[in-house]
Amino acid sequence: MKTMIIGSILISVAAVAAPWTKGPAANRPTLFKTFGDIVNTPEGLALDKDGNLFLSAINGVDPSYSGHIWKRDAQTGKWGVFAVTRTNTKSGKSFPQGIVFGDDGNLYYAENQYFADRNYASTVRRIVIKDGEPLRCEIVVENALLPNGLRWRDGALWFSESFAHHGGKFGGGIYRIPAKDLRADKPARLLDKDQMERDTYCIAWVPTELRSRNGIDPLDRKVHIYTAGPDGIDFDADGNLYTGSFGDGRFWRIRNLGGGKYAPPELLDDTTVACCDGICYDAKRNRIILTAAAQNALYAWNIAAGKMELVWANGDTDGADGLFDQPSEVLFLPDGRLVVVNIDAPSPGMINSGADKVHTLSVIRLP
Ligand SMILES: [Ca+2]
Ligand SMILES: [Ca+2]
């Protein structure tokens with residue numbers, strides 16, 4: 001009897017064994033926020049000029065909860081729903097992905113309809129804000145496939161289009177829309193991808209290499225997402241743009257040549273990250289932080305040294321203790337802490353073994 005009890009204790013201990021971890025102990029993530037099922041798939045992050053933090057809930061895991069956007073008050077730290085995003089009239093759903101504030105103080109977001117409709121049904125929209133309150137959602141960019149990471153720089157909205165396959169090649173695009181063309185009465189219209197070479201809004205096309213995942217052919221419909229191109233985008237202090245691709249994890253720089261000109265994409269690293277989601281610039285350390293979604297990891301590209309450094313990685317977990325559960329987006333708070341979104345919506349071949357009931361943001365205070 002005693003042996004059996006000891007045996008069952010050992011089994012229960014093994015079942016809750018802590019996941020493996022890698023990276024400096026000082027970088028260990030802790031829990032920043034747990035959400036209920038209303039935010040079952042957290043995604044994009046943005047800060048307004050007052051330091052309030054915004055988070056989009058794309059809610060792809062359980063779309064019976066509508067897509068919407070939360071706000072964390074910078075003064076009180078309290079979270080609340082900021083706005084429910086407007087549904088697509090055809091799909092009846094809203095899937096807000098990347099978000100960013102414009103110079104006009106309005107919140108721009110990628111309305112990603114790709115997983116409901118692959119025929120240019122996606123848009124970029126803005127929530128017009130007055131005195132801190134949302135007034136309306138309006139379409140400002142149309143005819144997109146999978147708009148994803150958003151940034152605002154030099155009077156323009158920048159975003160990645162994660163699917164821009166054309167000419168028999170897989171890849172994604174980087175787009176720039178000047179503020180004057182972001183009009184609710186006449187949205188900026190992207191050209192179809194087979195004409196993207198003459199789309200004046202398209203700054204760059206980035207190719208995706210097809211890589212097998214645990215023996216699964218990337219052209220298999222189950223892993224279609226691994227044919228995707230650029231996901232997260234951000235700029236360094238000199239205005240050079242960086243992006244990482246979801247499909248093959250490759251990391252690229254698009255140099256700012258001045259006068260509105262940009263160099264062709266330059267491959268910086270093609271082996272470290274297997275699947276890149278969001279990225280952000282670490283101004284204090286002159287690095288680009290990359291999420292490595294499949295590896296449950298964060299890496300940092302050291303710009304001066306020209307090399308990749310591991311920030312943190314951990315094994316499969318639901319994230320309840322603050323460890324990573326498929327990191328997807330990163331952003332520095334005004335106090336210097338790094339917030340990491342755990343999207344917890346795995347594709348095949350990821351360390352994250354399944355979407356669970358614990359919906360979290362992690363935080364790291366980098367030394
Ligand atoms: Ca989780
Ligand atoms: Ca999980």
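The structure under discussion appears in the preceding block.
Counting starts from 1 at the beginning of each chain's written sequence and moves along it residue by residue. Chains and ligands are labelled sequentially in the order written, the chains with letters from A and the ligands with numbers from 1. Reporting of local features is limited, given that this is a predicted model, to residues whose pLDDT is at least 70; pairs of side-chain atoms are given and counted only at 80 or more, and all residues count toward the totals for whole chains, interfaces and linings. Here the side-chain values reflect all heavy atoms present in the structure, with hydrogen atoms and water set aside.

*Asks:* How should the coordination of the calcium ion (ligand 2) be read in this particular structure?
*Replies:* Coordination angles at a metal have ideal targets, namely 109.5 degrees for four tetrahedral donors and 90 or 180 degrees for six octahedral donors. Protein-derived ligands of the calcium ion (ligand 2) are Asp-325 (OD), Asp-325 (OD), Asp-344 (OD), Asn-352 (OD1), Gly-354 (O) and Asp-356 (OD), with the metal-ligand distances lying across 2.4 to 2.7 Å. Metal coordination here is assigned from N, O and S atoms located within 2.8 Å of the ion, or within 3.2 Å for Na, K and Ca; omission of water means that sites may look incomplete. Metal sites are grouped by the angles between bound donors: all angles between 85 and 135 degrees with four donors is tetrahedral, opposite donors over 155 degrees apart with the others between 65 and 115 is square planar for four donors and octahedral for six, and any other pattern is irregular. Each of the 6 donor atoms bound to the calcium ion (ligand 2) contributes to angles spanning 49 to 165 degrees, and the resulting shape is irregular. Counting residues between consecutive donors of the calcium ion (ligand 2) along the chain gives the motif D-x18-D-x7-N-x1-G-x1-D. A separation of 4.1 Å is found between the calcium ion (ligand 2) and the calcium ion (ligand 1), both of which receive a donor from Asp-325.

*Asks:* Where do I start with the pairing of strand S3 (residues 42-47) in this structure?
*Replies:* In summary, the side chains of a regular strand alternate between the two faces of the sheet. Most of S3 is tucked away: 5 of the 6 residues are buried. In this description, strands pair whenever DSSP reports at least two bridges between them. Every helix listed is a DSSP run of H or I at least four residues long, and every strand listed is a run of E at least two residues long, numbered separately from the N terminus. Sheet topology note: the S3/strand S4 (residues 53-57) ladder contains 4 bridges and is antiparallel. Paired with Leu-47 across the two strands is Leu-53, which belongs to S4. The loop that links S3 with its antiparallel partner S4 comprises 5 residues; one of these, Gly-51, has a positive phi angle of about 85 degrees. Here's how the labels work: a residue is buried when its accessible area is under 20% of the maximum for its type, exposed when over 50%, partly exposed in between, all with a 1.4 Å probe on protein chains only.

*Asks:* Can you walk me through the sheet that holds strand S8 (residues 107-111) in this structure?
*Replies:* Two pairing modes exist for strands in a sheet, parallel and antiparallel, and in both the strands are linked by backbone hydrogen bonds. With mixed pairing, 5 strands are arranged side by side in an open sheet as S7-S8-S9-S10-S14. With one partner strand each, in any of the chains shown, strand S7 (96-101) and strand S14 (188-189) form the two edges of the open sheet. Looking at chain direction, S7 and S8 are connected through 4 bridges and run antiparallel. Pairing of Val-100 across the sheet is with Tyr-108, part of S8.

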